[in-house]
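# Report on the structure
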Amino acid sequence: MALSAVPSPDYRGDAGVEQVRQLRNELVQALQAEDWWTVRELDRACAGLVERVIAANGGDGTALVRALSELKGVYANLIEQCQEEVLKLAL
């Protein structure tokens, strides 16, 4: 049986932005399904992914700004949805 190494993902430029987009899409799906466990896990993964994209892009903030701009709306919706859930519990 032979072992093969899995190549490290590329976090530079468009490749990094695409990975953030994929995570964003998964996060949107989990929010729509109200799958809070998956939202929690994706949120944790998001922090690490953003750190990797920052590190891989060094001084090029363009890719990072694009990736984070797309995430901003998702997190705004997440906050709104959480506030609604809290209000439901308070009633």
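The paragraphs below set out a description of the structure included in this document. (Residues numbered from 1 in each chain as written. Predicted model: local features only at pLDDT ≥ 70, side-chain atom pairs only at ≥ 80, totals over all residues. Heavy atoms only, no water.)

### What about the overall build of the protein?
Helix and strand counts for the protein stand at 3 helices and 0 strands. Starting at the N terminus, the α and β elements of the protein follow one another as α-α-α. Taking 91 residues into account, the globule formula puts the C-alpha radius of gyration at 12 Å, and the protein, at 16 Å, lies well above it. Considering only C-alpha atoms, the protein reaches an extent of 55 × 40 × 15 Å along its principal axes. Here the protein holds 91 residues, and 25% of them are scored as buried. On the protein, roughly 6500 Å² of surface is accessible, and the fraction owed to carbon and sulfur atoms is 57%. Across the protein, 9 positive and 14 negative side-chain charges occur, with their mean positions spaced 3 Å apart. (Helix = DSSP H or I, 4+ residues; strand = E, 2+ residues; numbered from the N terminus. Rg over C-alpha atoms; globule rule 2.2 N^0.38 Å. Buried < 20%, exposed > 50% of the residue type's maximum accessible area, 1.4 Å probe, protein only. Areas by Shrake-Rupley, 256 points an atom, 1.4 Å probe, with all protein chains shown as cover. Lys, Arg positive; Asp, Glu negative; His and termini not counted. Charge placed at Lys NZ, Arg CZ, Asp CG, Glu CD.)

### Some thoughts on the environment of valine 53
For valine 53, the position within the fold is in helix H2 (residues 36–57). Measuring from C-alpha to C-alpha, the distance between valine 53 and arginine 12 comes to 6.5 Å, with 41 residues separating the pair along the chain. Setting aside its immediate chain neighbours within four residues, valine 53 contacts Tyr11, Gly16, Val20 and Leu64. (Contact = heavy atoms within 4.5 Å.)

### Here we look at the pattern of salt bridges
For the structure shown, the criterion picks out 3 salt bridges. Two residues, arginine 44 and glutamate 41, come together in a salt bridge whose shortest N-O distance is 3.8 Å. Of this pair, arginine 44 and glutamate 41 both sit in helix H2, 3 residues apart, roughly one helical turn. Ionic pairing is found between glutamate 85 and lysine 88, a salt bridge with its closest N-O pair at 3.5 Å. Here glutamate 85 pairs with lysine 88, and both are found in helix H3 (residues 61–90), just 3 residues apart, close to one helical turn. By relative accessible area, which is 24% here, glutamate 85 ends up partly exposed. Residue lysine 88 is classed as exposed on the basis of its relative accessible area, which comes to 54%. (Salt bridge = Lys/Arg side-chain N within 4 Å of Asp/Glu carboxyl O.)

Honestly, it's all geometry; don't read function into it.
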